[in-house]
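# Understanding the architecture of this molecule
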Amino acid sequence: MTDTNALVLAGIGKQFTLHVQGGVVLPVLSGIDLAVAPGECVALNGPSGAGKSSLLRLVYGNYRAQAGSIRVGHRGGWVDVATASAQTILELRRHTLGYVSQFLRVIPRVPAIDVVAEPARAVGQSAAEAEHRAERLLSRLRIPERLWSLPPATFSGGEQQRINLARGFVVDFPVLLLDEPTAALDADNRRTVVALIGEAKARGAAVLGIFHDGEVRDAVADRVFAMRPPALAA
Amino acid sequence: MTGQPLLRVAGVTRRYGTRIGCRDVTFDLWPGEVLGIVGESGSGKTTLLKCLSAQLEPDAGRIVYATRDDGPQDIFALSEPRRRLLARTDWGIVHQHPVEGLRMKVSAGANVGERLMAVGARHYGQIRTSALDWLGRVEIPRDRIDDMPRTFSGGMLQRLQIARNLVSQPRLVFMDEPTGSLDVSVQARLLDLLRGLVADLGLSVVVVTHDLAVARLLAHRLMVMRAGSVVEEGLTDQVLDDPQHPYTQLLVASILHP
């Protein structure tokens, strides 16, 4: 079964131990089993506090799992993010794992167009090719051309989210992690994101995402994975 | 990353009398990797950096550097002249205070050109051309080439120090609080410049900083030091967003957000 999947989570457990607050332990996730096939989109669903964003961060290697394995298909083999070295996770992020977070982490002085083109440069595309792809995405996401050469620090929330989206789609990542990619977008841009996700699925990307907007979820998700806050779970 | 580590550090310990500078530090640094060392003052970061860059001999442990010609070599087993040659040709050291890394009595151009002459360049025209090129890359106006460093601002001095270090094409650069002596507005420019240079040149870097925002922007991987020991290490964003050790949690929780 695993051979037909792009992403396989087994027995994921995560808790935070807050040493600064006297060692309080916050359980977040336990016993999560989930697989996503190429071309499939799975929507994580559940109330806030259910650990949806944490699960995406675990897959990206941003959080450390305490239990279980997170296997990602990478260049014909498998990488377990839960045990991989920093070097391996960085390579996985460069070539295989795309992640669109809710907030853009701005780099001082770097223009929007370069922020978007950077992941394409990192996988070895020429500067011209990377810039061309970045321009196409910025156009599709309706970022006015006069903003392309400006650093996104002063952009609105919706504009920053679209810069983040463009960054996530500028490389044809085999696995895409999307954390509420349409939260701050208007209807036209939501439709563009739905189209981008559809195109990614069509080329065989496995998509794992959180979509609060029911319409967007219905349009892109093949399956819903229900999650509950740990206190409510048995 | 493939091949072999550029630097293998095993069990490095340095004491000052009975006091511990750094204790039992072990890590590998890979080609093209930027390693950040974070922790408060007195945590042993700078002692460790001085050991790694052969400015201070450890009491115990090994520091093995993959030389271009002779493969991996224990740097403290090399003769003093060979170690100096290695430091001059293969390494760069960027000090927190630019005056420690610059010669204040000679011109900006000479500060950059001197490094080239130290690795064997003799042709005046070519040295000047390289110096001009590097001043441009660190965003110092080319018409300042004959000016003395004392006429430069703090940010310009730090960029000049970086040009002096990079002109000889080192493979490994050590940086001690490279933005520490600068105003915040000047820091951003230097950070962005450093990011670009490191990526373009494929440099390996060990950067010591107490500023976690600097670490996040520059470093692929972080080591957190406390009281001379490494208490946590890992992918930079993982250490900062999901810190495991109580001390790292305290550091991250202590950041002020404007």
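Cut-offs applied
Residues numbered from 1 in each chain as written. Chains lettered and ligands numbered in written order. Predicted model: local features only at pLDDT ≥ 70, side-chain atom pairs only at ≥ 80, totals over all residues. Helix = DSSP H or I, 4+ residues; strand = E, 2+ residues; numbered from the N terminus. Rg over C-alpha atoms; globule rule 2.2 N^0.38 Å. Buried ≥ 20, exposed ≤ 12 C-beta atoms within 10 Å, placed from the backbone. Contact = placed C-beta atoms within 7 Å. Expected span 1.5 Å × (residues − 1). Arc of directions from axis to C-beta. Pairing = 2+ DSSP bridges. Axes fitted to C-alpha atoms, helices over the stretch in contact; angles between N-to-C directions. Domains from an automatic or database assignment. Core = buried A, V, L, I, M, F, W, Y, C linked by C-beta atoms within 7 Å. Nonpolar A, V, L, I, M, F, W, Y, C, P; charged D, E, K, R; others polar.

### So, the overall build of chain A
For chain A, the count of helices and strands is seven helices and nine strands. Against the compact-globule benchmark of 17 Å for 234 residues, chain A has a radius of gyration of 18 Å, which places it among compact chains. With the C-alpha coordinates of chain A rotated into their principal frame, the extents come out at 55 × 40 × 35 Å. Every one of the 234 residues in chain A was classed for burial, and the buried ones make up 41%.

### A few points about the overall build of chain B
Tallying secondary structure elements over chain B gives ten helices and ten strands in all. Projecting the C-alpha coordinates of chain B onto the three principal axes gives extents of approximately 55 × 50 × 40 Å. A burial count over chain B gives 47% of its 258 residues as buried. If you take every contact in chain B between residues at least 6 apart in sequence, the share linking residues at least 24 apart comes to 63%.

### Concerning helix H5 (residues 124-137) of chain B
Residues and elements named next belong to chain B. With 14 residues, H5 should cover 20 Å at 1.5 Å per step; its first-to-last C-alpha distance of 20 Å lies within 8% of that length. Those residues of H5 that fall on the buried side of the exposure criterion are Ile127, Ser130, Ala131, Trp134 and Leu135. Buried residues of H5 fall within an arc of 135 degrees about the axis and therefore sit on the same side. Among the exposed residues of H5, those oriented more than 90 degrees off its buried face are Gly125, Gln126, Thr129 and Gly136. Just downstream of H5 lies Glu139, where phi reads positive at about 65 degrees.

### Here's the deal with the sheet that holds strand S4 (residues 60-67) of chain B
All names here are of chain B. With antiparallel pairing, the four strands of this open sheet are ordered in space as S2-S1-S4-S5. Edge strands, defined here as strands with exactly one partner in the open sheet, are strand S2 (19-29) and strand S5 (71-74). If you compare each strand with its neighbour and ignore which way they point, the axes differ by 25 degrees on average. The strands that helix H1 (residues 45-52) touches are strand S1 (7-16), S2 and S4; relative to S1, the one it contacts most, it runs at about 125 degrees.

### Considerations on the domain arrangement of chain B
All names here are of chain B. Domains assigned within chain B are domain 1 (1-90 + 170-258) and domain 2 (103-169). The straight-line distance from the C-alpha centre of domain 1 to that of domain 2 is 25 Å. Taken together, the contact between domain 1 and domain 2 spans twelve residues of the former and twelve residues of the latter. The set of elements that each furnish at least two residues to the side of domain 1 that touches domain 2 consists of helix H2 (80-89) and helix H7 (184-201). Among the elements that take part in the side of domain 1 that touches domain 2, H7 stands out by supplying five residues, more than any other.

### Comments concerning the sheet that holds strand S8 (residues 206-210) of chain A
Residue and element names in this part refer to chain A. Read across the open sheet, the five strands follow the order S6-S7-S8-S3-S9; overall the sheet is parallel. Edge strands, defined here as strands with exactly one partner in the open sheet, are strand S6 (97-100) and strand S9 (223-226). For this sheet, the mean inter-axis angle between neighbouring strands, taken without regard to orientation, is 20 degrees. Relative to S9, strand S3 (residues 41-45) runs parallel, the two being bridged by four bridges. Within S9, the residue paired with Leu44 across the bridge is Phe225.

### Some details on the nonpolar core
Ranked by internal contacts, the top residues of the largest apolar core, which has 138 residues, are A:Val59, A:Val116, A:Ala134 and A:Ala166. Beyond its immediate stretch of four places on either side in the chain, A:Val59 contacts A:Leu7, A:Ile70, A:Val81, A:Leu177 and A:Leu208.

### Considering the interface of chain A and chain B
Tallying the contact residues gives 14 residues for chain A and 20 residues for chain B. Class assignment for the residues of the side of chain A that touches chain B results in eight nonpolar, four polar and two charged.

### Quick look at the domain arrangement of chain A
Residues and elements named next belong to chain A. Considered domain by domain, chain A is made up of domain 1 (1-17 + 24-96 + 175-182 + 204-234) and domain 2 (103-172). Once you take the C-alpha centre of each, domain 1 and domain 2 turn out to be 25 Å apart. Taken together, the contact between domain 1 and domain 2 spans four residues of the former and four residues of the latter. Looking at side-chain class alone, the side of domain 1 that touches domain 2 contains two nonpolar, one polar and one charged residues.

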